[in-house]
Amino acid sequence: MKFYFASSSKIWEDPAWVSGIADAGYDGWEISADGNYRLDTPDTFAAVKKAMADTGLPVTVHAPFSDLNPASVNAPIWEETVHQLELTIEKAAELTDTVVVHPGYLSPVSRYDPAPAWQQHKRACVRLGEAAERAGVAACLENMPNLDDFFCRDADELDGFIEGTGMSAVFDAGHANTTGNLDRFCKIILPKAAHLHIHDNHGGRDEHLPLGCGTIPWDKIMPKIVREYRGKIIVVEGRNPEEGRRSLEFLRRWF
């Protein structure tokens with residue numbers, strides 16, 4: 001098993017911080033491809049590749065999600081969202097074989113009738129699955145924390161969105177803990193997940209604490225991950241590499 005580190009809170013920082021990932025003992029880096037790390041902008045893409053070369057870290061990619069909504073019922077917004085995600089998949093294929101995608105959410109309009117938004121989201125998953133197949137990467141849809149109006153807070157809904165689309169699933173244990181659905185996600189999504197995100201919280205919000213600093217019952221969950229997770233990478237999502245070092249020491253109890 002390989003352990004990678006990611007921090008979405010660092011997207012506006014200079015890439016120099018990435019050296020701390022290697023110093024903390026991680027095997028790789030999951031790029032949060034937004035802000036200073038977008039792959040569809042030549043200067044930031046060049047900076048990402050330089051950080052990889054300077055540190056020697058292999059990568060996975062988390063696609064941008066700021067202001068994007070693959071469930072939008074506003075056709076131009078939906079098309080632009082899917083275009084940006086397709087472009088990220090295409091560019092990420094130069095760096096990795098795994099791209100993480102956030103699901104969409106209901107707008108003030110689609111709250112009144114969620115069915116069209118669900119259909120738009122399914123259409124987006126089909127398009128992204130096709131883009132991933134062309135690029136030769138796995139596009140993986142992630143479960144979300146307890147945020148109002150977001151899709152994929154439910155394990156069965158995530159499973160339904162990826163079914164027949166060519167997309168795979170990301171199991172985020174920290175997100176599942178905030179929805180109270182951790183056991184259901186372990187049953188439905190964990191055995192088929194192609195990618196795994198891990199961090200801790202106290203169950204109320206998405207805190208991204210070091211492992212063991214929240215309320216996730218790791219003594220119960222980690223044996224399931226060891227036994228059932230079929231992927232080759234576990235990504236610790238944290239606030240900084242220093243806290244990430246604590247999570248890595250925690251993980252070594254099981255791997």
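Residues numbered from 1 in each chain as written. Predicted model: local features only at pLDDT ≥ 70, side-chain atom pairs only at ≥ 80, totals over all residues. Heavy atoms only, no water.

## What about the pattern of salt bridges?
Alright, step 1. Evaluated as defined, the whole model comprises 14 salt bridges.
Alright, step 2. Among the ionic pairs, Asp-54 bridges to Lys-50, the shortest N-O distance being 2.7 Å. With a gap of 4 residues between them, Asp-54 and Lys-50 both fall in helix H2 (residues 42–55), about one helical turn apart.
Alright, step 3. A residue is classified by how much of its surface remains accessible, and Lys-50, at 52% relative accessible area, is exposed.
Alright, step 4. A cluster of three or more residues bridged by salt bridges with shared partners is formed by Asp-34, Arg-38 and Asp-40. (Salt bridge = Lys/Arg side-chain N within 4 Å of Asp/Glu carboxyl O. Helix = DSSP H or I, 4+ residues; strand = E, 2+ residues; numbered from the N terminus. Buried < 20%, exposed > 50% of the residue type's maximum accessible area, 1.4 Å probe, protein only.)

## Details of the packing of aromatic side chains
Alright, step 1. For the structure shown, the criterion picks out 10 aromatic pairs.
Alright, step 2. Ring centres 5.4 Å apart and planes at 50 degrees place the aromatic pair Phe-5 and Tyr-26 in the tilted group. Here Tyr-26 lies in the loop between helix H1 (19–23) and strand S2 (28–32) and Phe-5 lies in strand S1 (residues 2–6), a separation of 21 residues in the sequence. The same class applies to Phe-5 as to Tyr-26, namely buried.
Alright, step 3. Plain terms: the ring middles of Phe-171 and Phe-185 are 6.4 Å apart, the flat faces sit at 20 degrees to each other, and that makes the pair stacked. (Phe/Tyr/Trp six-rings, centres within 6.5 Å; stacked < 30°, edge-to-face > 60°.)

## Comments concerning the packing of helix H4 (residues 114–135) against helix H5 (residues 155–162)
Alright, step 1. As a packed pair, H4 and H5 sit with axes 9 Å apart at the nearest point and diverge in direction by 55 degrees. By the angle between their axes, H4 is oblique relative to H5. Between H4, through Trp-118, His-121, Lys-122 and Cys-125, and H5, the contact on the second element is made entirely by Glu-157, Gly-160 and Phe-161.
Alright, step 2. Residues of the contact of H4 with H5, tallied by class, amount to 3 nonpolar, 2 polar and 2 charged. (Axes fitted to C-alpha atoms, helices over the stretch in contact; angles between N-to-C directions. Parallel < 35°, antiparallel > 145°, perpendicular 65-115°, else oblique. Contact = heavy atoms within 4.5 Å. Nonpolar A, V, L, I, M, F, W, Y, C, P; charged D, E, K, R; others polar.)

## Points about the sheet that holds S2
Strand pairing in a sheet relies on backbone hydrogen bonds, with the paired strands running either antiparallel or parallel.
Alright, step 1. With respect to topology, 8 strands assemble into a closed barrel ordered S1-S2-S3-S4-S5-S6-S7-S8, the strand pairing being parallel. Averaged over all pairs of adjacent strands, the angle between strand axes in this sheet comes to 30 degrees, irrespective of strand direction.
Alright, step 2. Relative to strand S3 (residues 59–62), S2 runs parallel, the two being bridged by 4 bridges. Within S3, the residue paired with Ile-31 across the bridge is Val-61.
Alright, step 3. Sitting on the sheet, helix H3 (residues 75–92) is in contact with S3, strand S4 (98–101) and strand S5 (138–142), with an inclination near 160 degrees to S4. (Pairing = 2+ DSSP bridges.)

## Things to note about helix H9 (residues 241–251)
Alright, step 1. Of the positions making up H9, those classed as buried are Pro-241, Glu-243, Gly-244, Ser-247, Leu-248, Phe-250 and Leu-251. One face of H9 carries all of its buried residues, which in axial projection span an arc of 155 degrees. In H9, the exposed residues that point more than 90 degrees away from the buried face are Glu-242 and Glu-249.
Alright, step 2. Residues of H9 that are buried sit in contact with S1, H1, strand S7 (195–198), helix H8 (218–228) and strand S8 (233–237). (Arc of directions from axis to C-beta.)

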